[in-house]
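Here is what each chain is made of, one letter per residue.
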Amino acid sequence: MFGTYRAEDVTILLKDITGLVEPMGTAEREARIQQGVHYSEMLPIEYEPSPAYLAAFWDALDRYAPLTAQAAASTAAQIQERKGPGAVLVSLARAGTSAGVLIKHCLARYYGAEVPHYTISIIRGRGIDRTAMDHILARHPAESIQFVDGWTGKGAIQRELNAAMADYPAVDPGLAVLSDPARVAAITGVPEDFLIASSCLNSTVSGLLSRTFYRPDIIRPGDFHGAAFYQELEARDLTYAFIDAVEACLPEAPPPPSAPALSTRTGLEEVEEIARAFAIRDINLIKPGIGEATRVLLRRVPWKLLVHSLDDGAHLGHLYQLAREKGVEVVPYPLRNYRACGLIRNLADN
């Protein structure tokens, strides 16, 4: 175990690569990605949040901890109904790990179920960590596994899971997520795109762990996918500040599942429409949803921030703040599945 998650909350199936990979600046990393280097072969330099941005995080947590708690409780209830007390939570690092901790605590609180919780890596274009999957399946029945993530963007990770589970036919690839604006998850706490405050920060709300890493010279056969531990940021660690704030708002009993969202259009369909509207050839440069737009502003080279409204500080205040700091144009756009969408600058156009 490494990182700052408590051992009783999650088993981290990741290789500690601390000190083995030199983090890259945003511009250099973005240039390499757009030249064909896979994003999982590099680590970004962690964003140092300004006082104004941290204030936006605390405001977001205060406003949306209750809705996040409702989503976690509802998600846990649906997992209990489908899997029973024998469920095994497998969260997708790193955004899914805190969601998995919340759901694990909800299952214990409401049903007395002390379920195992693992966090593993899945990487778009590289697949799931097969070493981690084999580790779990050597210890638990395949039908007990429930994959967990924080939210959906375009649905790419769900599609990656669907493909990966072709090699594990007894494992259900359906995701359980707190927010599902892409309309692809099997279990959804709240279908709408809402602000999960953990999306506002990187490692300092994720157990001080980096995003997951895979490069064959460092991740050898039989290794788990990797992650670095930013122990030097320990004084700034807000992982349990987020988890505890959400848990303080948990309802007495889990709410019934939320009604399906009115829009039946998938997130991918909306992304394809945005691509046409802005003449974007590569849809990987389009990152829809509050969580994904936040990632664009934190660790990519952003071009524009699309928002459903210029007057939605409650949901988008942290994004407005980041856009001001980075000089990114904020553009109103008639988004339907999402409240925000980040567009990455195509460096070939410069």
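Numbering of residues begins from 1 in every chain and follows the order in which that chain's sequence is written. Since the coordinates come from a predicted model, pLDDT governs what is reported: local features require at least 70, and pairs of side-chain atoms require 80 or more to be given and counted, while whole-chain, interface and lining totals use all residues. Side-chain measures were taken over the full set of non-hydrogen atoms in the model, leaving aside hydrogen atoms and water.

Peer 1: Please explain the pairing of strand E7 (residues 145-151) as it appears in this structure.
Peer 2: Side-chain positions along a regular strand alternate between the two faces of the sheet. Partly exposed residues are those whose accessible area sits between 20% and 50% of the maximum for their type, while under 20% is buried and over 50% is exposed, using a 1.4 Å probe and protein chains only. Think of it this way: any DSSP run of H or I at least four residues long counts as a helix, any run of E at least two long counts as a strand, and we number them from the N terminus. In terms of burial, E7 is largely enclosed, as 7 of its 7 residues are buried. When strand E3 (residues 88-92) meets E7, the two strands line up parallel, connected through 4 bridges. In the sheet register, Val88 faces E7, and the bridge partner there is Ile145. The pairing criterion is simple: DSSP has to find at least two bridges between the two strands. Note: E7 against strand E8 (residues 175-179), 4 bridges, orientation parallel. Within the sheet, the bridge partner assigned to Asp149 lies in E8 and is Val177. The parallel pair E7 and E8, bridged by helix H5 (residues 156-164), forms a crossover whose chirality is right-handed. Orient the strands so they point away from the viewer, and a crossover whose first-strand-to-second-strand path over the helix runs clockwise is right-handed.

Peer 1: Honestly, the pattern of salt bridges in this entry has me stumped. Any pointers?
Peer 2: Two side chains bearing opposite charge may form a pair once their charged atoms approach each other closely. For this analysis, a salt bridge means a side-chain nitrogen from Lys or Arg found within 4 Å of a carboxyl oxygen belonging to Asp or Glu. With the rule as written, the count across this model stands at 13 salt bridges. Between Arg300 and Glu30 there is a salt bridge, with the nearest N and O atoms lying 2.5 Å from each other. Of the two residues, Arg300 sits in the loop between helix H8 (290-299) and strand E12 (302-307) while Glu30 sits in helix H1 (residues 26-34), which places them 270 residues apart along the sequence. We note a salt bridge from Glu46 to Arg94, for which the minimum N-O separation is 3.9 Å. Placement of Glu46 in the loop between H1 and helix H2 (51-83) and of Arg94 in the loop between E3 and helix H3 (95-111) is noted, with a sequence separation of 48 residues between them.

Peer 1: I'm lost on the pairing of strand E14 (residues 340-344) in this one. Help?
Peer 2: Burial analysis of E14 places 5 of its 5 residues in the buried class, the great majority of the element. Here E14 shows two buried faces, one formed by Ala340, Gly342 and Ile344 and the other by Cys341 and Leu343. Of the pairings in the sheet, the one linking E12 to E14 comprises 5 bridges and is antiparallel in character. Each residue of the ladder has a partner; that of Leu305, found in E14, is Gly342.

Peer 1: Can you walk me through the nonpolar core in this structure?
Peer 2: Grouped burial of nonpolar side chains is what soluble globular proteins tend to show. Grouping buried Ala, Val, Leu, Ile, Met, Phe, Trp, Tyr and Cys residues that are joined through side-chain atoms within 4.5 Å yields what is termed a nonpolar core. In terms of nonpolar packing, the biggest core is built from 69 residues, with Ile103, Phe242, Leu305 and Leu319 touching the most fellow members. Per-element tally for this core: the top contributor is H2, with 12 residues. For this analysis, residues touch if any pair of their heavy atoms sits within 4.5 Å. Discounting chain neighbours no more than four positions away, the residues touching Ile103 are Ala72, Thr75, Ala76, Ile79, Leu89, Val148 and Leu178. Val88, Ile120, Ile145 and Ala185 belong to the second largest nonpolar core, which has 22 residues in total.

Peer 1: Could you clarify how one ought to interpret the side chain of Thr4 in this entry?
Peer 2: Locating Thr4 in the fold gives a position in the segment before strand E1 (11-12). Between N or O atoms, a polar contact is any pair within 3.5 Å; within protein, one atom must be a potential hydrogen donor and the other a potential acceptor, and residues adjacent in sequence are included only when both atoms are from side chains. A distance of 2.7 Å separates a polar atom in the side chain of Thr4 from a polar atom in the side chain of Asp237.

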